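Topology and contacts: notes
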Amino acid sequence: MTLHMLFGSAQLESCLALLGTDDTLMVMDRNALESLSMAAVAPPCDVVVLEDTRPGPDANEGFALIDTAGWLELVCQHPHSMSWY
């Protein structure tokens, strides 16, 4: 059970390859969100997006939005975390 924090798209493929069903992928960057939306492989786990990451108020990629308090809650729930840049 790992919280994967995706800060950029350079390591997106490596990140997606390591995701498990009990993990959570948290998208922290607009470019990473765009790359994830276009990825050929769907993540096997829950995906959340930091509120400030969305390109605009009309954007709806179908991922759950999370605020800073939610981020801290996820950090507490997951015994491990990885940052991807």
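Definitions and cut-offs
- Residues numbered from 1 in each chain as written.
- Predicted model: local features only at pLDDT ≥ 70, side-chain atom pairs only at ≥ 80, totals over all residues.
- Heavy atoms only, no water.
- Helix = DSSP H or I, 4+ residues; strand = E, 2+ residues; numbered from the N terminus.
- Buried < 20%, exposed > 50% of the residue type's maximum accessible area, 1.4 Å probe, protein only.
- Areas by Shrake-Rupley, 256 points an atom, 1.4 Å probe, with all protein chains shown as cover.
- Pairing = 2+ DSSP bridges.
- Right-handed = clockwise from strand over helix to strand, strands pointing away.
- Contact = heavy atoms within 4.5 Å.
- pLDDT = per-residue confidence, 0-100.
- Polar contact = N/O pair within 3.5 Å; in protein donor to acceptor, adjacent residues only side chain to side chain.
- Phe/Tyr/Trp six-rings, centres within 6.5 Å; stacked < 30°, edge-to-face > 60°.

1. Structural notes on the overall build of the protein
- Tallying secondary structure elements over the protein gives 3 helices and 5 strands in all.
- Of the regular secondary structure in the protein, the N- to C-terminal order runs β-α-β-α-β-β-α-β.
- The burial tally for the protein puts 35% of its 85 residues in the buried class.
- Carbon and sulfur atoms make up 51% of the accessible area of the protein, which totals about 5000 Å².

2. Describing the pairing of strand S2 (residues 24-27)
- Of the two faces of S2, both are covered, the one formed by Thr24 and Met26 as well as the one formed by Leu25 and Val27.
- The pairing of strand S1 (residues 2-6) with S2 spans 4 bridges and is parallel. Looking across to S2, one finds that Leu6 is bridged to Val27.
- As a crossover connection, the stretch from S1 through helix H1 (residues 12-18) into S2 is right-handed.

3. Re the environment of Ser9
- Mapped onto the elements, Ser9 comes out in the loop between S1 and H1.
- A residue is classified by how much of its surface remains accessible, and Ser9, at 33% relative accessible area, is partly exposed.
- Along the chain, Ser9 and Glu34 lie 25 residues apart, while their C-alpha atoms are 8.6 Å from each other.
- Every residue in contact with Ser9, bar those within four places of it in the chain, is listed here: Asn31, Ala32 and Ser35.

4. Description of the confidence of the model for the protein
- Within the protein, residue pLDDT values average 90, and 89% of them lie at 70 or more.
- When pLDDT is averaged over each element of the protein, S1 comes out on top at 98 and helix H2 (residues 30-38) at the bottom at 89.

5. Quick look at the side chain of His78
- Among the secondary structure elements, His78 is positioned in the loop between helix H3 (68-77) and strand S5 (80-84).
- Judged by relative accessible area, His78 falls into the buried class, the value being 6%.
- Here the side chain of His78 touches Thr24 through a polar contact of 3.0 Å, side chain to side chain.
- Beyond its immediate chain neighbours, meaning those up to four positions away, His78 contacts Met1, Thr2, Leu3, Asp22, Asp23 and Thr24.

6. A short note on the packing of aromatic side chains
- Scanning the entire structure with this criterion turns up 1 aromatic pair.
- Plain terms: the ring middles of Phe7 and Tyr85 are 4.9 Å apart, the flat faces sit at 10° to each other, and that makes the pair stacked. Of this pair, Phe7 sits in the loop between S1 and H1 while Tyr85 sits in the segment after S5; the two residues are 78 residues apart in sequence, bridging distant segments of the chain.
- When its relative accessible area of 25% is taken as the criterion, Phe7 is described as partly exposed.

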